[in-house]
Structure formats: structure tokens, C-alpha cells
Amino acid sequence: MLNIYCPYCEEYREEEEFTYAGEAHIVRPPDPDCVSDEEWGRYLFHRNNIKGNHREMWFHATGCRLFFNVIRNTVSYDIEQVYKLTDTPPDIREDKHK
């Protein structure tokens, strides 16, 4: 089980209090009516599935009910960093688990 730090509540809580909300920093097309079906499909369904550090969005469902971002290593499951949606995304460190 993960203990996840909520940057808004400023405390560690058990994983069951949170909901995974998908890959972070997915940019919606500025004018969805002007993109092709192929481009819209890529926006909706295509996600990175990397081995190593990955940016994810989480929701504190039973706490503050706010979204935040996490950098989590998909190999070790370690959470490397946590930051608010309004913060500048940190650089992802080299994968130390390759």
C-alpha cells in the first residue's frame, strides 16, 4: 500500500483515500471543433506507458477533494515527487531502476 502525501492537506494518507486520475499534463486541443477525428482520438485515448518515472494526476477523494500531480516510478512504484496543479512541473529525474 502507498502512503501518498497530499500537498493541500500537507500530510501523508493511505492510498485508499485517493483516486488515480490518469496521466498528468495532457493538453486539450484549443479548438476541438477544428481537429480531425484522428487528432481528437489521440487526445482522448493515447497515453504514454513508460517504464520509469511518470507524471500522474491523483484526486484526494476522502480528504480535501482536490487534484494534484505525482511523479511515480512505474517499476518500483515509489513516489518521487508530489506537487499542486498550479505548480510548475518539475523535471523528471533519470530512471534509476533501468
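Our subject is the structure listed above.
Below or above, wherever it landed, is the structure these notes cover. (Residues numbered from 1 in each chain as written. Predicted model: local features only at pLDDT ≥ 70, side-chain atom pairs only at ≥ 80, totals over all residues. Heavy atoms only, no water.)

Description of the overall build of the chain
Consideration 1: When helices and strands are tallied, the chain shows one helix and six strands.
Consideration 2: The linear arrangement of helices and strands in the chain, starting from the amino end, is β-β-β-α-β-β-β.
Consideration 3: Taken along the three principal axes of its C-alpha coordinates, the chain extends 45 × 35 × 25 Å.
Consideration 4: By residue count, 29% of the 98 residues in the chain fall in the buried class.
Consideration 5: Treating the 12 positive side-chain charges of the chain as one cloud and the 19 negative ones as another, the clouds have centres 2 Å apart. (Helix = DSSP H or I, 4+ residues; strand = E, 2+ residues; numbered from the N terminus. Buried < 20%, exposed > 50% of the residue type's maximum accessible area, 1.4 Å probe, protein only. Lys, Arg positive; Asp, Glu negative; His and termini not counted. Charge placed at Lys NZ, Arg CZ, Asp CG, Glu CD.)

Considering the state of the cysteines
Consideration 1: Scanning all chains against the criterion turns up zero disulfides.
Consideration 2: C9 carries a free sulfur, and the closest cysteine sulfur to it, the one in C64, is 3.8 Å from it. (Disulfide = S-S within 2.5 Å.)

Concerning the pairing of strand β1 (residues 3-6)
Consideration 1: The two faces of β1 differ: I4 and C6 on one face are buried, but N3 and Y5 on the other face are not.
Consideration 2: Pairing of β1 with strand β2 (residues 11-14) involves four bridges; the strand directions are antiparallel. From the neighbouring strand, C6 faces β2, where its bridge partner is E11.
Consideration 3: Hairpin geometry of β1 and β2 is characterised by an intervening segment of four residues between the two adjacent antiparallel strands and by a positive phi of about 60° at E10. (Pairing = 2+ DSSP bridges.)

A word on the side chain of N69
Consideration 1: Tracing the backbone through its elements, the reader meets N69 in strand β5 (residues 67-73).
Consideration 2: Ignoring anything within four residues of it in the chain, the contact list for N69 reads A24, H25, E56, M57, Q81, V82, Y83 and L85. (Contact = heavy atoms within 4.5 Å.)

Overview of unusual backbone geometry
Consideration 1: Phi is positive for E10, close to 60°, though the residue is something other than glycine.
Consideration 2: Among the secondary structure elements, E10 is positioned in the loop between β1 and β2.
Consideration 3: With relative accessibility at 57%, the residue E10 sits in the exposed group.
Consideration 4: The phi dihedral of R65 is positive, around 60°, even though this residue is not glycine.
Consideration 5: By the secondary structure assignment, R65 is in the loop between β4 (53-60) and β5.
Consideration 6: A relative accessible area of 52% places R65 in the exposed class.

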